[in-house]
Amino acid sequence: MQGCFLDAGSMGDGLTWSSLESSVESWHWHHNTTRETVAERLQGVDIAVTNKVVLDAETIAGADRLKLICVAATGFNNVDTAAAAEHGIPVVNVTGYATPAVSQHVLSLMLAHATRWASYDAAVKRGDWSAGQFFCLLDYPIEELDGQTLGLVGHGELGQAVARLAEAFGMQVLVAERPGATTVREGRVAIDEVFERADMISLHCPLTEDTRHLINADALARMKNSAFLINTARGAIVDSEALIEALRNGTIAGAALDVLDQEPPPADHPLLDPSIPNLIVTPHTAWGSRGARQRMLEGVAANIDAFRAGEQRNRVN
Ligand SMILES: NC(=O)C1=CN([C@@H]2O[C@H](COP(=O)(O)OP(=O)(O)OC[C@H]3O[C@@H](n4cnc5c(N)ncnc54)[C@H](O)[C@@H]3O)[C@@H](O)[C@H]2O)C=CC1
Ligand SMILES: O=C(O)C(=O)CO
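Residues numbered from 1 in each chain as written. Chains lettered and ligands numbered in written order. Predicted model: local features only at pLDDT ≥ 70, side-chain atom pairs only at ≥ 80, totals over all residues. Heavy atoms only, no water.

Caption draft 1: Geometry of the site of ligand 1. The environment of ligand 1 is made up of 23 residues, and the closest members are Glu-157, Leu-158, Arg-178, Thr-232 and Asp-258. Separating an oxygen atom of ligand 1 from a side-chain N or O atom of Arg-178 is a distance of 2.8 Å. Contact between ligand 1 and Ala-233: an oxygen atom at 3.4 Å from a main-chain N or O atom of the residue. Summarising the interface, the protein chains cover 84% of the accessible area of ligand 1, which totals 860 Å² for the free molecule. Residue classes in the shell around ligand 1 are distributed as nine nonpolar, nine polar and five charged. Split by domain, the residues of the shell around ligand 1 number at least three in each of domain 1 (2–97 + 290–308) and domain 2 (99–281). (Near = heavy atom within 4 Å. Polar contact = N/O pair within 3.5 Å; in protein donor to acceptor, adjacent residues only side chain to side chain. Areas by Shrake-Rupley, 256 points an atom, 1.4 Å probe, with all protein chains shown as cover. Nonpolar A, V, L, I, M, F, W, Y, C, P; charged D, E, K, R; others polar. Domains from an automatic or database assignment.)

Caption draft 2: View of the site of ligand 2. All residues in the neighbourhood of ligand 2 are listed as Asn-51, Lys-52, Ala-73, Thr-74, Gly-75, Tyr-97, Arg-234, His-284 and Trp-287. Between ligand 2 and Lys-52 there is a distance of 2.7 Å, counted from an oxygen atom to a side-chain nitrogen or oxygen. At a separation of 2.8 Å, an oxygen atom of ligand 2 approaches a polar backbone atom of Thr-74. Expressed as a share of its isolated accessible area of 230 Å², the protein-covered part of ligand 2 is 90%. Grouping the constituent residues of the shell around ligand 2 by class yields three nonpolar, four polar and two charged.

Caption draft 3: Just the UniProt feature "domain: D-isomer specific 2-hydroxyacid dehydrogenase NAD-binding" (unreviewed entry) in the protein, in detail. The sites that UniProt annotates as "domain: D-isomer specific 2-hydroxyacid dehydrogenase NAD-binding" (unreviewed entry) are residues 107–286. Helix makes up 32% of residues 107–286 and strand 13%. Its end C-alpha atoms lie 11 Å apart. (UniProt positions renumbered as here; feature names shortened; annotations may be inferred. Helix = DSSP H or I, 4+ residues; strand = E, 2+ residues; numbered from the N terminus.)

Caption draft 4: Quick look at helix H12 (residues 290–308). Helix length check: H12, at 19 residues, gives a terminal C-alpha distance of 27 Å against a target of 27 Å (1.5 Å per residue), a fit within 8%. When we look at burial in H12, the residues that qualify are Ala-292, Arg-293, Gln-294, Met-296, Leu-297, Gly-299, Val-300, Ala-301, Asn-303, Ile-304 and Ala-306. Phi turns positive one or two residues past the end of H12, at Gly-310, with a value near 85 degrees. (Expected span 1.5 Å × (residues − 1). Buried < 20%, exposed > 50% of the residue type's maximum accessible area, 1.4 Å probe, protein only.)

Caption draft 5: Spotlight on the domain arrangement of the protein. According to the domain assignment, the protein consists of domain 1 (2–97 + 290–308) and domain 2 (99–281). Taking only C-alpha atoms, the centre of domain 1 and the centre of domain 2 are 31 Å apart. Interface area, domain 1 with domain 2, both sides summed: about 500 Å², of which 51% is carbon and sulfur. Considering only the surface of domain 1 that becomes buried against domain 2, Lys-52, Asn-77 and Gly-96 emerge as the three largest contributors, covering 64% of it. Between domain 1 and domain 2 we count zero salt bridges in total. Counting across the interface, domain 1 meets domain 2 through two residue pairs in polar contact (both at pLDDT 80 or more). Split into classes, the residues belonging to the side of domain 1 that touches domain 2 amount to two nonpolar, three polar and two charged. (Buried area = accessible area lost by both parts, 1.4 Å probe. Salt bridge = Lys/Arg side-chain N within 4 Å of Asp/Glu carboxyl O.)

Caption draft 6: Inspection of the UniProt feature "domain: D-isomer specific 2-hydroxyacid dehydrogenase catalytic" (unreviewed entry) in the protein at higher detail. Sites flagged by UniProt as "domain: D-isomer specific 2-hydroxyacid dehydrogenase catalytic" (unreviewed entry) map to residues 28–317. Within the segment residues 28–317, helix and strand shares are 35% and 12% respectively, and the terminal C-alpha atoms sit 25 Å apart.

Caption draft 7: Region of interest: the packing of aromatic side chains. Scanning all chains against the criterion turns up six aromatic pairs. Here the aromatic residues Phe-5, Trp-17, Trp-27 and Trp-29 are joined through ring pairs into a cluster of three or more. (Phe/Tyr/Trp six-rings, centres within 6.5 Å; stacked < 30°, edge-to-face > 60°.)

Caption draft 8: The nonpolar core, seen in detail. Residues Phe-5, Ile-69, Met-110, Leu-150, Met-296, Val-300 and Ile-304 are the most contacted members of the largest nonpolar core, which totals 63 residues. Counting the residues that make up this core, at least three belong to each of domain 1 (2–97 + 290–308) and domain 2 (99–281). For Leu-150, the residues in contact, after removing those within four places along its chain, are Met-110, Val-162, Ala-166, Met-171, Gln-172, Val-173, Leu-174, Ala-198, Met-200, Ile-201 and Ser-202. If you look at the next biggest cluster of nonpolar residues, it comprises 35 residues, including Val-153, Ala-219, Leu-247 and Leu-279. (Core = buried A, V, L, I, M, F, W, Y, C linked by side-chain atoms within 4.5 Å. Contact = heavy atoms within 4.5 Å.)

Caption draft 9: Quick look at unusual backbone geometry. Residues Glu-263 and Pro-264 are joined by a peptide bond in cis, for which omega reads -5 degrees. With respect to the secondary-structure elements, Pro-264 resides in the loop between strand E10 (254–257) and strand E11 (279–281). Positioned with a positive phi, His-213 is a non-glycine residue whose angle comes to about 55 degrees. As for its placement among the helices and strands, His-213 is situated in the loop between strand E8 (200–203) and helix H10 (217–222). Residue His-213 is classed as partly exposed on the basis of its relative accessible area, which comes to 36%.

See the structure below:
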């Protein structure tokens, strides 16, 4: 079998590759692959591994020997899974590999907003503390997570892990029912009610046609003026322009984004404008602990081993 990792460089340094290396007899390792070169690189390949390289219907149709697409991620919105299914090609992903990393990242963003530590750190470095009269500065509002309400959109692996940490901080957790659902399941709350009641809202659903721009001007208008939005799921779940407007107008109090609708974003991406108030942006690092990245590689290798043994593991199409 011939394997091909299209963007192996996106996995970063410091990993052990032996399980993946031994899962296929022969590999083509590519640091990264552009849209222009992906089709050519899939010629003669049986098993393709992609973290974020897009495999669209045309690319899949043109791959002459492709038998398995392994997404080296949980989110698989970069692969046309329906087109793969039409060609009898299973698409598999890796789940649960980054739970401690992503959940701590979300909590760190919530805590950053509640404590305003970045504003205080900047104030100290500017000399405001030394210029002050008292032993402390209290220039930015400090909040307590304890007693606040967290709204979750998506309650799978990551949503549940974030809920556990938030509850440990004394937060009440509301889990949103799917948008457009006609009934609200036991233990869930209608999504509009979550938008209206939550002090903080964290997104943990996949990017699909149902969730694209789920956080739009209407959703933002429903939120409290004091609300804080966190997106570690996928950038296009949030309407960027509507979010920028909401932050500039004070419709919501702040937001933290680990994911943007284009990655890497162009230098002039509207969400990178430093004049947008109360916006934290991290460069898709929530998953990035060494442990998580290593578990990801082991997960891809396990998916390939299972496929070669005739089993379906983590198939998503
Ligand atoms: N920023 C990062 O580094 C990372 C981001 N992710 C993103 O987080 C997402 C969630 O990951 P997991 O929790 O592991 O996935 P999961 O599959 O365990 O959970 C997803 C949840 O979303 C729910 N869901 C599906 N469609 C929905 C909809 N239309 N509305 C509301 N909920 C819906 C599902 O029922 C499920 O409960 C991934 O799809 C991926 O995009 C995942 C890992 C790392
Ligand atoms: O696993 C995912 O979905 C990520 O975004 C990290 O690659």
